[in-house]
Amino acid sequence: MKFFVDTADTAEISDLAATGLLDGVTTNPSLIAKSGRDFLEVTAEICKLTAGPVSAEVVALDHEGMMREAEILRKIADNVCVKVPLTIDGLKTCKKLTADGTMVNVTLCFSATQALLAAKAGATFVSPFVGRHDDNGFDGMQLISDIRLIYDNYDYATQILVASIRHGVHVLESAKIGADVITAPPAVIKGLFRHVLTEKGIEGFLADWAKTGQSIG
Ligand code: E4P
């Protein structure tokens, strides 16, 4: 399973990239606003921090406008993945861009039938938002299972990119279902490394090691 980080904070991205476990980055207009940075400038910087796909989202709502913005975004770097909303114009744009060899992430997916449409439009990634789905009284992980089943039924190559992840259990369930990618905030990814028994274990081993009076090397 691939791990993307959901942020436009370049310090956080560098930090995670240094682990060697980061496969890509996703951003959205809210995350760009939070960074306080210029959109094109920060996206170019992020594209240098990872060799993986970097999702950059269009803000136009009509097909022509989306195509104009996509032209600018895809010139930033080869690893830019143009993010479009799951609307008729968004999927029209997706079809056109993927036919040209540009990666496309179809975002704001909240139903399995929407995900089916994204696959038919040739999306590279579809982003179902599990956290926001849960927040509204639906079952985010059931949505992922349904999409996995449908994509496998028809051998669609579109990758399921689980988005709006709130905690480690979302990551665990995504892996059990066989989602292709998760994108999560830096804090959630960093939390996956931690376990109270790992910390306790290190503490105990170091205390016993100190008693030996030895050092390595
Ligand atoms: C996905 O690409 C989105 O940027 C993101 O996961 C949205 O998450 P949120 O619901 O925490 O804003």
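Quick caveat: nothing in here was measured; it's all calculated off a predicted structure.

S.K.: For this particular structure, what's the right way to read the layout of surface pockets?
M.R.: Left-over empty space is what a probe sized like a water molecule reveals as it rolls over the atoms. When its volume is computed, the largest pocket comes out at roughly 240 Å³. Along the walls of the largest pocket sit 16 residues, with D6, N28, L31, R132 and S164 positioned nearest its centre. Here the lining of the largest pocket is built from residues that sort into five nonpolar, seven polar and four charged.

S.K.: How do you make sense of the packing of helix α6 (residues 112-120) against helix α8 (residues 140-154) when you look at a structure like this?
M.R.: Two packed helices can be described by the angle between their axes and the distance between those axes. Packing of α6 against α8 brings their axes to within 9 Å, and their N-to-C directions diverge by 40°. What the angle tells us is that α6 and α8 run oblique. When the axes of α6 and α8 are compared, the crossing they make is right-handed. Residues A112, A115, L116, A118 and A119 of α6 touch α8, and the partners they reach there are L143, D146, I147, I150 and Y151. Grouping the amino acids of the contact of α6 with α8 by side-chain chemistry returns nine nonpolar, no polar and one charged.

S.K.: I tried to follow the packing of aromatic side chains on my own but got confused; where do I start?
M.R.: What characterises a pair of aromatic rings is the spacing of the ring centres plus the angle enclosed by the ring planes. Scanning all chains against the criterion turns up four aromatic pairs. An angle of 75° between the planes, with centres 5.7 Å apart, marks the rings of F4 and F125 as edge-to-face. With F4 in strand β1 (residues 2-6) and F125 in strand β6 (residues 125-128), this residue pair connects regions lying 121 residues apart in the sequence. Take F4 and F125: they sit in the same class, and that class is buried. The interplanar angle of 40° and the centroid separation of 6.1 Å between the aromatic rings of Y154 and Y156 together place this pair among those described as tilted. Given a relative accessible area of 56%, Y154 falls into the exposed group. Relative accessible area serves as the criterion here: at 24%, Y156 is assigned to the partly exposed category. Put simply, the rings of Y151, Y154 and Y156 pair up and form one aromatic cluster.

About the criteria used
- Residues numbered from 1 in each chain as written.
- Predicted model: local features only at pLDDT ≥ 70, side-chain atom pairs only at ≥ 80, totals over all residues.
- Heavy atoms only, no water.
- 1 Å grid on protein atoms, 1.4 Å probe; cavity = no way out; pocket = protein on both sides within 12 Å on 5 of 7 lines; lining within 4 Å.
- Points joined across faces, edges and corners; volume = space filled by probe spheres on them.
- Nonpolar A, V, L, I, M, F, W, Y, C, P; charged D, E, K, R; others polar.
- Axes fitted to C-alpha atoms, helices over the stretch in contact; angles between N-to-C directions.
- Helix = DSSP H or I, 4+ residues; strand = E, 2+ residues; numbered from the N terminus.
- Parallel < 35°, antiparallel > 145°, perpendicular 65-115°, else oblique.
- Left-handed = near helix turned anticlockwise from the far one by under 90°.
- Contact = heavy atoms within 4.5 Å.
- Phe/Tyr/Trp six-rings, centres within 6.5 Å; stacked < 30°, edge-to-face > 60°.
- Buried < 20%, exposed > 50% of the residue type's maximum accessible area, 1.4 Å probe, protein only.

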